[in-house]
Every structure is written in C-alpha cells, then in structure tokens.
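One letter stands for each residue in the lines below.
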Amino acid sequence: QVDLVESGGGLVQAGGSLRLSCAASGRTFSSYVMGWFRQAPGKEREFVAGISRRGGSTNYADSVKGRFTISRDNAKNTVYLQMNSLKPEDTAVYYCAADSTRVVHASHLFYDYWGQGTQVTVSS
C-alpha cells in the first residue's frame, strides 16, 4: 500500500511550464509502476504518462509526447511530471497513481492507489 500526495499545480500562461511532484509514503515505493492522469470538467480521466519501477521505461499519451517528461527518484519516494509548452487544453486536475503490476499501463483500471489531485490551469 502507498499514500500519494500531489503538489506543484497552479495557473500558467500558454507556452509556460510547470513541474508537478507526487510524494509517496512507504518503503516499497520502488516496487510500483507510477503514472500521471488528468481529468477536465465533463470529461473522463485520461492517461498522461507512466514510468517503470526503476525509471528505465516511460510511456506518454500522444497529446503530451515531446512536451511532458515523467521521472522518479526512488531514494526520495517522489515522482515528477515536467510540463513544458503548456496549452489551454492541458487544463485539468492532475492525479498520480501507483500500479502494483510490472507493466506501464495506460488504463486507469490497473492502478491501485491514487492521490487527491492538483489543479493545473493554462490560460490563453
């Protein structure tokens, strides 16, 4: 089991950058695949990025590929999402999640634990 707390959200102009952090509890953080998801008003939760247990493999949604970078520091029990060249359509609540399987899944159904979310708003 793991408790997750996101931070780093805020208001930014289009073209700007934000870095989200997800702090995890527990001593078994490195045993979890980690992912970032987002949900805009009136829309379903969608996959943004995922990273393997050691950080050697990543997966990105096509909509953010080349702009966002997911990383993790297992010594600090923290996962990051660096967001560059932000667009108004990136506006959403962003959630981090933990997956106890060994594969970086894009489906939210594979993730067992979720943070409370942090709001990202991109103005035009």
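Structure: above.
Residues numbered from 1 in each chain as written. Predicted model: local features only at pLDDT ≥ 70, side-chain atom pairs only at ≥ 80, totals over all residues. Heavy atoms only, no water.

Now for the overall build of the protein. Within the protein, the secondary structure is distributed over zero helices and eleven strands. If you list the helices and strands of the protein from N to C, you get β-β-β-β-β-β-β-β-β-β-β. For the protein, the C-alpha radius of gyration of 13 Å lies close to 14 Å, the compact-globule estimate for 124 residues. Taken along the three principal axes of its C-alpha coordinates, the protein extends 40 × 25 × 25 Å. Buried residues in the protein amount to 44% of all 124 residues. Look at the contacts in the protein between residues 6 or more apart in sequence, and 59% of them connect residues 24 or more apart. Surface accessibility of the protein: about 6,500 Å² in total, with carbon and sulfur atoms responsible for 46%. Computed over 13 positive and 10 negative side-chain charges, the inter-centroid distance for the protein is 7 Å. (Helix = DSSP H or I, 4+ residues; strand = E, 2+ residues; numbered from the N terminus. Rg over C-alpha atoms; globule rule 2.2 N^0.38 Å. Buried < 20%, exposed > 50% of the residue type's maximum accessible area, 1.4 Å probe, protein only. Contact = heavy atoms within 4.5 Å. Areas by Shrake-Rupley, 256 points an atom, 1.4 Å probe, with all protein chains shown as cover. Lys, Arg positive; Asp, Glu negative; His and termini not counted. Charge placed at Lys NZ, Arg CZ, Asp CG, Glu CD.)

To continue, consider the nonpolar core. Formed by 35 residues in total, the largest nonpolar core has its most connected members in Met34, Trp36, Leu81, Met83 and Tyr94. If you list the elements that add at least two residues to this core, you get strand E3 (18–24), strand E4 (33–39), strand E5 (46–51), strand E7 (68–73), strand E8 (78–83), strand E9 (92–99) and strand E11 (118–123). With five residues, E9 is the single largest residue contributor to this core. Not counting chain neighbours up to four residues away, the residues in contact with Leu81 comprise Leu18, Arg19, Leu20, Trp36, Val48, Ala49, Phe68, Thr69, Ile70 and Tyr94. (Core = buried A, V, L, I, M, F, W, Y, C linked by side-chain atoms within 4.5 Å.)

Quick look at the pairing of E5 now. Of all six residues making up E5, five are buried, and the element is well covered by its neighbours. Note that E4 and E5 share five bridges and pair antiparallel. Residue Gly35 lies in a different strand from E5, and its bridge partner there is Gly50. Counted along the chain from E4 to the antiparallel partner E5, the turn is six residues long, and its residue Gly42 has a positive phi close to 80°. When E5 meets strand E6 (residues 58–60), the two strands line up antiparallel, connected through three bridges. Bridging across to E6, Ala49 finds its partner in Tyr60. Connecting E5 to the next strand, E6, in antiparallel fashion are six residues, including Gly55 with a positive phi near 85°. (Pairing = 2+ DSSP bridges.)

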